[in-house]
Amino acid sequence: MRWLLLGLAGAALFLYGRITGDTQLSLLTKGIPVIALLLWLRQAPAGTYRRWIGIGLVFSLAGDILLDWPGDLFVFGLGAFLLGHLAYLRAYCSDSRQPALPALLLALIAGGAMFAILASSGLGELLIPVACYATAICLMLWRALARIGHPDLQPRSTWLAAGGATLFVLSDSLIGIDRFVASFDAAPYAIILTYWLGQWGITASAFQRSNSA
């Protein structure tokens, strides 16, 4: 519980800095919620799943800092989050390898729609990096959804992972829309809140994951 309280405190400080225009406070506190999740994750059962979720959080933390660092480090932040998605993908694959074709269709629709919207605005030299990122998102979301209904997994864990992955995809989509399509005032808050909730769901899925536990 203390780690979650730390995360909430960090989130509040970040939002306060964003609202008041204190960029230094925002930069210093943005990573605190993910750090708190990493510390909380240590209490989950050890194993391949927990290890790769932890690696995904570390890469996400790096992406958080890079996206807010002074100067345009968007591509580097994109790369960090790409590696984070691949780490989550590896975690989900350690639990289930079933094809789950309906889940694949949903993931392809979500990722394809996001990429089509962004590409329609003209991505220029970012076209290939964004295409690679959209592909990674599709795969990550597919394997998160594919865990639902697995007989050896707790339903709570599967739904938390699926919900977290969906919110993460939504957050990434909002980043792309705000940056490349049409900027809107509520974007920073919608992006960060869906991102934090998504990361919480993914992390929480590592607790009481297996029916045999």
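Below, the structure is looked at part by part. It should be emphasised that the depicted structure is a prediction, and the values quoted were computed from it without experimental measurement.

Counting 46 residues, the largest nonpolar core has Y49, I53, L57, Y88, Y92 and Y195 as the members making the most contacts within it. Of all the secondary structure elements, the ones that give two or more residues to this core are α1 (2–20), α3 (32–41), α4 (48–68), α5 (74–95), α6 (101–120), α7 (127–146), α8 (155–181) and α9 (187–204). Sort the elements by how many residues they give to this core and α7 lands first, with nine residues. Residues contacting Y49, with those up to four places away along its chain left out, are A91, Y92, S94, D95, R147, A161, S205, A206 and R209.

Tallied over the entire structure, the rule returns four salt bridges. Across the salt bridge formed by R18 and D68, the nearest N and O atoms sit 3.3 Å from each other. Linking R18 in helix α1 with D68 in helix α4, this pair joins segments that are 50 residues apart in sequence. Overall, the relative accessible area of 26% leaves D68 in the partly exposed class. Look at the salt bridges and you will find they share partners, linking R18, K30 and D68 into a network.

This next bit is on the layout of surface pockets. Any empty space left between the atoms is revealed when a probe the size of a water molecule rolls over them. Considering only enclosed or pocket space, the largest pocket measures out at about 490 Å³ in volume. Looking at the largest pocket, it is lined by 24 residues, and the ones nearest its centre are K30, L67, D68, I175 and I191. Of all the secondary structure elements, the ones that give two or more residues to the lining of the largest pocket are α1, α4, α5, α8 and α9. Top element by residues in the lining of the largest pocket is α8. It accounts for six residues. Taken together, the residues that form the lining of the largest pocket break down as 14 nonpolar, two polar and eight charged.

Calculation notes
- Residues numbered from 1 in each chain as written.
- Predicted model: local features only at pLDDT ≥ 70, side-chain atom pairs only at ≥ 80, totals over all residues.
- Heavy atoms only, no water.
- Core = buried A, V, L, I, M, F, W, Y, C linked by side-chain atoms within 4.5 Å.
- Buried < 20%, exposed > 50% of the residue type's maximum accessible area, 1.4 Å probe, protein only.
- Helix = DSSP H or I, 4+ residues; strand = E, 2+ residues; numbered from the N terminus.
- Contact = heavy atoms within 4.5 Å.
- Salt bridge = Lys/Arg side-chain N within 4 Å of Asp/Glu carboxyl O.
- 1 Å grid on protein atoms, 1.4 Å probe; cavity = no way out; pocket = protein on both sides within 12 Å on 5 of 7 lines; lining within 4 Å.
- Points joined across faces, edges and corners; volume = space filled by probe spheres on them.
- Nonpolar A, V, L, I, M, F, W, Y, C, P; charged D, E, K, R; others polar.

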